[in-house]
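What follows is each chain in one-letter form.
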Amino acid sequence: MCASFPISPIPSPFYASVLFPSVPLLTILYTPLHPLSPSVPLLPLHVHIRPPPPPSPSIAGDCHLKGHSPKAATPCTAPHHLKHGRLHGHAVQGRDCGEDASIWITGFLRSDQRYRLVKFEDTMKLRNPKNEHVMYTENVQVAYSDLSPLLLLSEASLDDLNSRLETKITVGNFRPNILISACDAFDEDTWDEIQIGSQVTLRQVIPCPRCILTTVDPDTGIINMKEPLKTLRSYRLCDTVDKAVYKSSPLFGRYVKVMKKGTLKVGDPVYHITY
């Protein structure tokens, strides 16, 4: 534990119940079948990574589609073209992972449109979210993630939202990297700094302003343009002096930065750090 300052465990310690990789270094770029002019940017899609399902008769071992070799699921083994796009108005680069990866992803999505997988490399320029959001004051570098390496949310906050909705939703609508259980709804709003397990320390940066993408069903890809955004706006709009910044975007979840690196695992206790 961190002996340099007091750590106060909450009486019923929260637990990190879901953990996904931190800084995404792979993303999918949508490529229309018609040519793009230089003024039209490629729009990156947010990729929701879930724990792998148990093997089934149709999917066993390496996940692959009928007619495609499992080798298609191991991209970036050889140099490919450099792709250029824009994210939050800023230029980004990615190394194309080749035709096999593109065919595999496009086939898996059962799409008539072509998708390409790109990989961020160490030599590529990272983004600084300070240049993208007026409320962001930390010096954090990110590749393809949104405004911070990690997004944190609690199960209780999601349960509170679902209690107000006619049609329940899942955490997939909000795509957090870390989901905390066994705390009260919106406790995460008050956590300036937390420790997870015996190593990792995270510090809150800014709340996460939510957009129309929360209304996309993560399982079907269908967008309803209304919920849960409409309900969130009824009780999660910013009501402080920062209201002019967030406007009609409700706040749900917290962006955090890594203060001390380490290993996280499902079930780790979470401690609220007090000084």
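Keep in mind that this is a model prediction, so the values were computed, not measured.

On to the overall build of the protein. Counting its secondary structure elements, the protein contains four helices and 13 strands. Sorting the 275 residues of the protein into buried and exposed places 39% on the buried side. Of the contacts formed within the protein by residues at least 6 apart in sequence, a portion of 69% connects residues at least 24 apart. A total accessible area of about 15,800 Å² is found for the protein, and carbon and sulfur atoms account for 57% of it.

On to the side chain of Arg 116. Among the secondary structure elements, Arg 116 is positioned in strand 7 (residues 114-119). Separated by 2.4 Å, the side chains of Arg 116 and Asp 96 make a polar contact. Among the polar contacts listed, one links the side chain of Arg 116 to the side chain of Glu 99, at a separation of 2.9 Å.

Both faces of the sheet carry side chains from a regular strand, because those side chains alternate between them. Of all six residues making up strand 13 (residues 268-273), five are buried, and the element is well covered by its neighbours. Pairing of strand 10 (residues 193-196) with strand 13, which is carried by three bridges, proceeds in the antiparallel orientation. Across the sheet, residue Gln 195 finds its bridge partner in strand 13, namely Tyr 271.

With that out of the way, let us pick up the pairing of strand 6 (residues 90-96). Both strand 5 (residues 82-87) and strand 6 contribute to a ladder of six bridges, which runs antiparallel. The partner of Leu 82 across the bridge, within strand 6, is Arg 95. What sits between the antiparallel neighbours strand 5 and strand 6 is a turn of two residues, in which His 88 has the positive phi angle 55 degrees. Where strand 6 and strand 7 come together, two bridges link them in antiparallel fashion. From the neighbouring strand, Asp 96 faces strand 7, where its bridge partner is Val 118.

Quick look at the packing of aromatic side chains now. Tallied over the entire structure, the rule returns five aromatic pairs. Centre to centre, the rings of Trp 104 and Phe 108 are 5.4 Å apart; their planes meet at 5 degrees, and the pair counts as stacked. With Trp 104 and Phe 108 both in helix 1 (residues 99-108) and four residues apart, this pair spans about one turn of that helix. Residue class for Phe 108 comes out partly exposed when judged on its relative accessible area of 43%. Geometrically, the ring pair formed by Phe 174 and Phe 252 is tilted, given 4.6 Å between the ring centres and 50 degrees between the ring planes.

Moving on: the environment of Glu 166. Its place among the elements puts Glu 166 in the loop between helix 2 (155-162) and strand 9 (178-181). Measuring from C-alpha to C-alpha, the distance between Glu 166 and Pro 228 comes to 9.8 Å, with 62 residues separating the pair along the chain.

A cluster of nonpolar residues, Ile 212, Leu 213, Ile 223 and Met 225, forms a patch on the protein surface that exposes about 330 Å² of accessible area. Within the secondary structure, Leu 213 sits in the loop between strand 11 (200-209) and helix 3 (229-233).

Enumeration according to the criterion identifies nine salt bridges in this entry. The closest approach of N and O atoms between Glu 121 and Arg 95, which form a salt bridge, is 3.1 Å. Here Glu 121 is found in the loop between strand 7 and strand 8 (150-154), whereas its partner Arg 95 is found in strand 6, with 26 residues between them in sequence. What makes Glu 121 partly exposed here is its relative accessible area of 22%. Here Arg 254 ties to Asp 189 by a salt bridge, and the two come within 3.2 Å at their closest N and O atoms. Linking Arg 254 in strand 12 (residues 251-260) with Asp 189 in the loop between strand 9 and strand 10, this pair joins segments that are 65 residues apart in sequence. A relative accessible area of 11% places Arg 254 in the buried class.

Once that is clear, we can look at the confidence of the model for the protein. Looking at the protein, pLDDT values average 76 and 71% of them are 70 or higher. Residue range residues 1-75 is modelled with pLDDT below 50. Its contacts to residues more than four positions away, or to other chains, number 149 contacts.

Thresholds applied
Residues numbered from 1 in each chain as written. Predicted model: local features only at pLDDT ≥ 70, side-chain atom pairs only at ≥ 80, totals over all residues. Heavy atoms only, no water. Helix = DSSP H or I, 4+ residues; strand = E, 2+ residues; numbered from the N terminus. Buried < 20%, exposed > 50% of the residue type's maximum accessible area, 1.4 Å probe, protein only. Contact = heavy atoms within 4.5 Å. Areas by Shrake-Rupley, 256 points an atom, 1.4 Å probe, with all protein chains shown as cover. Polar contact = N/O pair within 3.5 Å; in protein donor to acceptor, adjacent residues only side chain to side chain. Pairing = 2+ DSSP bridges. Phe/Tyr/Trp six-rings, centres within 6.5 Å; stacked < 30°, edge-to-face > 60°. Patch = residues over 30% accessible without salt bridge, like charges linked within 9 Å, V, L, I, M, F, W, Y side chains within 5 Å. Salt bridge = Lys/Arg side-chain N within 4 Å of Asp/Glu carboxyl O. pLDDT = per-residue confidence, 0-100.

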